[in-house]
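Residues per chain, in single letters:
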Amino acid sequence: MADRSRAARQAGTTVLVLVFAFLYVPIAVLVALSFNEGGLPTVWSGFSVKWYVSLASNRDILSAALNTLIVAVASTVISTLLGTLLAIGVEIRRRRGGALEALVFAPMIIPDIVLAVALLSFFSMLDLTMGLHTIVLAHVVFNLAFVCAVVRARLKSFDWSITEASADLGASAFTTFRRVTLPVILPAVVAGALLALTLSVDEFIIAFFTAGAGRSSTTLPMQIYSMIRFGITPEINALATIVMAVSVIALAISQRLNRGMVGR
Amino acid sequence: MNTSRSTFLMAPALAWLIGLMVVPCGLVLALAFFQRGTYGGVDYTFTLENFARVFDPLYAGIFLNSARIAGIAALIAVVIGYSAAYAIASCRRSLQPVLLFFAVLPFWSNYLIRTYAWIVLLNREGLVTQFMRWFGYTGEPPSMLYTEGAVIAGLVYNYLPFVILTCYAPLSRMNPELAEASRDLGGSAFTTFRRIILPLTLPGIAAGAVFVFVLSIGNFVTPALLGGGRFQMIGNLVYDQFLTANDWPFGAALSMALIAIMMLLLLVQAYASDRASTRTAPVREDG
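Computed from a predicted model, the values in this text were never measured in an experiment. (Residues numbered from 1 in each chain as written. Chains lettered and ligands numbered in written order. Predicted model: local features only at pLDDT ≥ 70, side-chain atom pairs only at ≥ 80, totals over all residues.)

## Some details on the overall build of chain B
A tally of helices and strands in chain B yields 12 helices and 2 strands. Moving toward the C terminus, one meets the helices and strands of chain B in the order α-β-β-α-α-α-α-α-α-α-α-α-α-α. Projected onto its principal axes, the C-alpha coordinates of chain B cover approximately 75 × 75 × 45 Å. Every one of the 287 residues in chain B was classed for burial, and the buried ones make up 47%. In chain B, of all internal contacts separated by at least 6 residues, the share reaching a separation of at least 24 is 71%. (Helix = DSSP H or I, 4+ residues; strand = E, 2+ residues; numbered from the N terminus. Buried ≥ 20, exposed ≤ 12 C-beta atoms within 10 Å, placed from the backbone. Contact = placed C-beta atoms within 7 Å.)

As structure tokens, this is what we get:
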């Protein structure tokens, strides 16, 4: 799109400034107010980190954070392992099957609420006691799709003949995987794992439905949801800031490892 | 040999997806054909009543209202998202990935928190009210939270990054010579946009619009938090049937209706992208 007039360029810049303001002002206000001295959550009265300090002594939040960590790590480990194998399996398959693709990517497009009620019905029909373990089972379902997509993108440019060379030289299938395939796809595997971790840490609806009764399996998003319903407090602002910072850091690392996942 | 090894590698993940997605979704579909038990629970007697109830004026009204809100959100998101994607695609090549990254970044932060940010902005003593006071407004604080507008704003805000992404992809792939050729042949900027750029980028628009619509219509967090529970959408209705009313068969029928809408829209989207890809000669009379 060369040959554009100055007016067009200015219009483009204006659009970008407005859109980025729309995207970032709400978040910026939230972060700024988390450092607000006063108890009123929306009126500025001086800088303070006291809400972060008070978070550290809130036992409900600490136990929810621990639950979230357990769920996220467990579901990330399982989905990274299975998702990577799935990606390799799909890529070395000669035939392309529409049904297979649909199955793998369905969790990305099925509305969360539908998957949530489906799993709730399923678990209660099996008379399974619900808790953190059922959240893990559920989170792996959608994490698999994302890990698989990231690893497959990397495998698209993978030269499979080097695995044949490795086999010809006498390496077993496992050795070939460990010494040839894995080093090439490792950045994508780690990127996929970080993505899965972020998604699991942030996921609310499915966790809410599959956590079962009782407070013992409350995750951080569930805790945040009940706090928000109760009203605005500076503590939520502080907690929200921390959760966002963690997501952004994990995502930035994931992006660096896996350049080109977004938008190319 | 490759096929058997491939099956072996895929087996654990596929078993997981079948056991914890296909079977549960099949179960919900089956539930929709049974009756509700007298004390909640499920009475295993075949009935089509749950599907009939979906079309009951009360629930059909909620469906239509959800579709209207989701439609408005999708429309606004597409207009803003397309403009933003167009502006990004017009920037220097080296700048584009950076802009795109920052446009999509909020999308990866927690959905609840992004919604909460709007409660902070829109509440009676929030930033918007302060801002108006600053300009000399002295009346009652306006009630912006718990309105339909707040719900729509929240939906647009949450899904905009995705629309920017889907619209950017075809815009960045587009051959700029096509637009130049149109201008050389005397097409005005508007004609060039309407006849060349828009048809070629339609798949991205369709994908973004379908995405926003499907996720909005099935949403229950945004109507619950920004609508204050005053605006029932299908997502809230499903939530209520499972967690409050304890009428799982009807909740299941509603979920299936949601899936049906989603599939229908995906077909429309596939059709739109099909049509765009067959337009090898975009400069031609439409009829």
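On we go.
## Regarding the interface of chain B and chain A
With 72 residues of chain B in contact, the opposing surface of chain A contributes 65 residues. Here the side of chain B that touches chain A takes 19 residues from helix α1 (residues 2-31) of chain B, the largest share from any one element. Along the lines of polarity and charge, the residues of the side of chain B that touches chain A split into 56 nonpolar, 13 polar and 3 charged. (Nonpolar A, V, L, I, M, F, W, Y, C, P; charged D, E, K, R; others polar.)

## Examining helix α7 (residues 148-173) of chain B
Residues and elements named next belong to chain B. In a regular helix each residue adds 1.5 Å, so 26 residues correspond to 38 Å; α7 covers 37 Å between its end C-alpha atoms and thus fits that length. Along α7, the sharpest kink reaches roughly 45°, centred on Tyr-159 and followed within four residues by the proline Pro-161. Within α7, 19 of the 26 residues are buried, which leaves the element mostly enclosed by the surrounding structure. (Expected span 1.5 Å × (residues − 1). Bend = angle between axes of the 7 residues up to and from the residue.)

## With respect to the packing of helix α3 (residues 59-92) of chain A against helix α10 (residues 220-230) of chain A
Residues and elements named next belong to chain A. Look at α3 against α10: their axes get within 7 Å of each other, and the N-to-C directions meet at 145°. Residues Asp-60, Ile-61, Ala-64, Ala-65 and Thr-68 of α3 form the contact with α10, whose own contacting residues are Leu-220, Met-222 and Gln-223. By residue class, the composition of the contact of α3 with α10 is 5 nonpolar, 2 polar and 1 charged. (Axes fitted to C-alpha atoms, helices over the stretch in contact; angles between N-to-C directions.)

## Concerning the confidence of the model for chain B
Residue and element names in this part refer to chain B. Across chain B, the average pLDDT comes to 87, with 95% of residues at 70 or higher. The secondary-structure element of chain B with the lowest mean pLDDT is helix α6 (residues 127-134), recorded at 78, while helix α3 (residues 57-89) shows the highest, at 94. Across the assembled chains, the prediction reports ipTM 0.88 with pTM 0.88. (pLDDT = per-residue confidence, 0-100.)

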